[in-house]
Amino acid sequence: MRVDVITIFPDYFGPLSLSLIGKARGTGLLDLEVHDLRTWTSDVHRTVDDTPYGGGPGMVMRPEPWGQALAAVGPGTLVVPSPVGKPFTQADAAALASLDHLIFACGRYEGIDQRVIDDAATRMPVLEVSLGDYVLFGGEVAVIVIMEAVTRLLPGVLGNADSLTEESHAAGLLEAPVYTKPASWRELDVPDVLRSGDHGRIARWRRDQALLRTASRRPDMMAGYPPSSLDKADRKT
Ligand SMILES: N#Cc1c(-c2ccc3ccn(Cc4ccc(CN5CCCC5)cc4)c3c2)n[nH]c1N
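Everything in this summary refers to the structure shown in the same document. (Residues numbered from 1 in each chain as written. Predicted model: local features only at pLDDT ≥ 70, side-chain atom pairs only at ≥ 80, totals over all residues. Heavy atoms only, no water.)

Turning our eyes to something else, we now look at the nonpolar core. Counting 27 residues, the largest nonpolar core has V3, V5, L30, F104, I146, M147 and V150 as its most contacted members. No other element matches helix α5 (residues 140-151), which puts six residues into this core. When residues no more than four places from it in sequence are discounted, the contact partners of M147 are V3, L16, I21, L30 and F104. I8, W40, I103 and I112 belong to the second-largest nonpolar core, a separate cluster that totals 19 residues. (Core = buried A, V, L, I, M, F, W, Y, C linked by side-chain atoms within 4.5 Å. Buried < 20%, exposed > 50% of the residue type's maximum accessible area, 1.4 Å probe, protein only. Helix = DSSP H or I, 4+ residues; strand = E, 2+ residues; numbered from the N terminus. Contact = heavy atoms within 4.5 Å.)

It is worth spelling out a nonpolar patch on the surface at this point. Together, F9, Y12, Y134, L136, V141 and V145 make up an exposed nonpolar region whose accessible area comes to about 510 Å². Relative to the elements of secondary structure, Y134 occurs in the loop between β7 (126-130) and α5. (Patch = residues over 30% accessible without salt bridge, like charges linked within 9 Å, V, L, I, M, F, W, Y side chains within 5 Å. Areas by Shrake-Rupley, 256 points an atom, 1.4 Å probe, with all protein chains shown as cover. Salt bridge = Lys/Arg side-chain N within 4 Å of Asp/Glu carboxyl O.)

On to the sheet that holds strand β5 (residues 77-87), then. Taken in spatial order, the five strands line up as β2-β1-β6-β5-β7 in an open sheet, and their pairing is parallel. At either margin of the open sheet sits one strand with a lone partner, and together these are β2 (31-36) and β7. Across the sheet, the mean angle from the axis of one strand to that of its neighbour is 25°, orientation sign disregarded. Sheet topology note: the β5/β7 ladder contains six bridges and is parallel. Following the sheet pairing, P87 is matched in β7 by S130. Lying on the sheet, helix α3 (residues 90-97) is in contact with β5, β6 (101-105) and β7; it crosses β5 at an angle near 170°. (Pairing = 2+ DSSP bridges. Axes fitted to C-alpha atoms, helices over the stretch in contact; angles between N-to-C directions.)

To continue, consider the side chain of D49. Within the element layout of this structure, D49 appears in strand β3 (residues 49-50). Residues in contact with D49, not counting those within four places in the same chain, are M59, V60, M61, R62 and Y109.

Neighbouring residues of the ligand: 19 residues in total, closest E110, S130, G132, Y134 and L136. Residue V129 places a main-chain N or O atom 3.5 Å away from a nitrogen atom belonging to the ligand. In the complex, the protein chains occlude 76% of the 630 Å² of accessible area that the ligand would expose alone. For the shell around the ligand, the secondary structure elements donating two or more residues are β5 and β7. With three residues, the single largest contributor to the shell around the ligand is β5. Each residue belonging to the shell around the ligand can be placed in one class, and the counts come to 11 nonpolar, six polar and two charged. (Near = heavy atom within 4 Å. Polar contact = N/O pair within 3.5 Å; in protein donor to acceptor, adjacent residues only side chain to side chain. Nonpolar A, V, L, I, M, F, W, Y, C, P; charged D, E, K, R; others polar.)

Written out as C-alpha cells, the structure is:
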C-alpha cells in the first residue's frame, strides 16, 4: 500500500517509523511518504492560511497549496480528518486497508478551504472522517490513529492473524477480559475456567463476558444481539 501524508507538521509522523508500522515500511508492505504542504507555497513567507470569508474565529487553510500538493501526489483515495467528518469505524479501516493508494490531508487552524475537498472529489474518492466528538488541534493525530487501524489489517503485518478474527469491533462485541501468569497476583486470581483446559467452556465464558461487558459499556453495540442472549450469560466469572 502506498500512503502519502500532507501536513505542515511533518515531524508529527516520527512515530510512524516505530513498531509494526515501521516494520511494515521496512518490509515493503507499506510505502509511506510524508510531505510538507509548504513545499507547494510560492511566497517568501510560505503562507498556508488566510482569514475566513464571512468572518469568524481563526484562520483557514488556503486552497492553492493544497491543489498543487494533491495534484503532485494523486490520484488516490483522499482521507480528510475533520471535526465534521463521518465517524471513523473499524469497517472504514477495513475498507481503506483494501485500497492501493491513500492520501491523507492534515488540516490545521479552522480547517481547509472547502473548495479543496470539492475540487478533489471531481478527481478521486474523498472520505471526510472524524475520530470522535471532541476537538483536536488538527488532523495529524487522527492520521496516526487511522494509519494504525489500517496498517494492522494489512496482510503480513500482524504476526498472529488470529488476533484479527477475535477483534471486538469487527465481531460486534467488546472482548472478554484477558489474563496471563502468574495465576495469583496481589490475592487476585485468574478465573478458574481459563485454566481448565476445557476450550468449549472457555469459549462460552469469553462470549458471556463479552456480552456482559458490551451491555454494560456499549449498549449501542448490542442492537444486533437479542436480549435473550444475556439471560444465557453465565454470570459466574
Ligand atoms: N478527525 C478529527 C477531529 C478533529 C480535527 C481534524 C482536523 C482538523 C483541522 C483543524 N482542526 C481544528 C479545528 C477545531 C475546531 C473546528 C470547529 N470550528 C471552530 C470554530 C468554528 C468551528 C475546526 C477545526 C481539526 C480538528 N477534531 N476532532 C476530531 N475528532
